[in-house]
Amino acid sequence: MFVSKPYTGEEEEFFALTFDFGEKISPGVVRVYLPEDCTFVRQYRVAVFVKREADAANFSRALSSTDFMVSPAGGNYFDIKLSSTLECCQLQLRIYRTDGMLGIAELEIPEIAFYPSSLSTNMPIVDSTEYNDVYVPEYLTDGNEGTYWEAKDVNAYFVLDMGKEWQVSIITLHLPPVLTWEPREQTIEILGSMDGVNFTTVAAAADYLFDPQTGNRNSIVLDAPVSMRYIKLAWSSNSSLGGYGAQLSEIYVYGE
């Protein structure tokens, strides 16, 4: 566990953590974990600076100061999503003291992880069954886990176009990470295609538990990477007490 020195209370005070990757990479997503036993909802204000070249004299801003809410229901971590076109040799996180830190004297961070950009974020949903009310398919790839798609029926599907062929290895499914959603089990099959017409099953229909106590998410790791441009998710059940149709707030796809 990294434990910082205590904040002094000075205005605009921050701690800086600098990572040297040894080469130019595209960080994509920076995930900051808090201690698992943290029981409070907290707010962290973070800015990101980078050195795009190894010999650069100064850091340049990659993300302005942004507030992130962290809670036990969300798994006690937060994700900093950077531009998919950003490349850098060094990355610096500046974590500011704010009133939302509930009197925290110092930072405790057990782990920071780096992930590539999701291949699905901001990509189009090209086909889907009828949606319910205002819960449109576009919410599936807007990068916001608080908004969600909801179909009018449990026998539902959507098709995502990633723009070109990828070797897909991990698919992560999210519902809104809020405690007011009761746990629910949804039966989902995952299929892939190169042309958007002929689909083959890459993960057989299975029951996935979405539990707000563990972040309302599931990660499916394929046995081997699968070549595809289009991903289709097909539902056949949702155990929600409200009798809702298929539901999902975000799909993240990772591969090469």
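Keep in mind that this is a model prediction, so the values were computed, not measured.

So, how was this worked out
Along each chain, the written sequence defines residue order, and numbers are assigned to residues from 1. Where totals are concerned, whole chains, interfaces and linings use all residues; where local detail is concerned, this predicted model gives features only for residues with pLDDT of at least 70, and gives and counts side-chain atom pairs only at 80 or more. To get the side-chain values, all heavy atoms of the structure are used, and hydrogens and water are removed first. A pair of strands is treated as paired once DSSP finds two or more bridges between them. Helix numbers and strand numbers start at the N terminus; a helix is a DSSP run of H or I with at least 4 residues, a strand a run of E with at least 2. Orientation is described by lines fitted to C-alpha atoms, with helices fitted over the stretch in contact, and by angles between N-to-C directions that extend from 0 to 180 degrees. Any two residues whose heavy atoms approach within 4.5 Å at even a single point are treated as in contact. The nonpolar core is taken to be a set of buried Ala, Val, Leu, Ile, Met, Phe, Trp, Tyr and Cys residues, with the residues joined through side-chain atoms within 4.5 Å. Think of it in three bands: residues with accessible area under 20% of the maximum for their type are buried, residues over 50% are exposed, and the middle band is partly exposed, with areas taken using a 1.4 Å probe on protein chains only.

Points about the sheet that holds strand β6 (residues 77–81)
Spatial strand order, β6-β3-β9: 3 strands in an open sheet with antiparallel pairing. Since the sheet does not close on itself, it has two edges, and those belong to β6 and β9 (111–115), each with one partner. Neighbouring strand axes in the sheet, compared pairwise and without regard to direction, differ in orientation by 20 degrees on average. Looking at chain direction, strand β3 (residues 29–33) and β6 are connected through 5 bridges and run antiparallel. Its bridge partner being in β6, Val29 is matched across the sheet by Lys81.

Observations regarding the sheet that holds strand β4 (residues 42–51)
Taken together, 4 strands build an open sheet; the order of strands is β2-β7-β4-β5 and the sheet is antiparallel. With partners counted over all chains shown, the strands left at the sheet margins are β2 (14–25) and β5 (60–70), one partner each. Strand after strand, the sheet turns through a mean of 20 degrees between neighbouring axes, direction not considered. Relative to strand β7 (residues 88–96), β4 is paired through 7 bridges, and the arrangement is antiparallel. Residue pairing for β7: Val50 is matched across the bridge by Leu91.

Re the environment of Met1
Positionally, Met1 belongs in the segment before β1 (2–3). With residues near it in sequence (within four places) discarded, Met1 still touches Pro35, Glu108, Ile109 and Pro110.

Comments concerning the nonpolar core
Formed by 30 residues in total, the largest nonpolar core has its most connected members in Trp149, Phe158, Leu173, Leu233, Leu248 and Ile251. Sorting the residues of this core by element identifies β12 (157–174), β13 (184–193), β14 (200–210), β15 (217–238) and β17 (250–255) as the ones contributing at least two each. Counting residues in each nonpolar core, the second largest holds 22 residues, with Leu34, Tyr44, Ile109 and Ile112 among its members.

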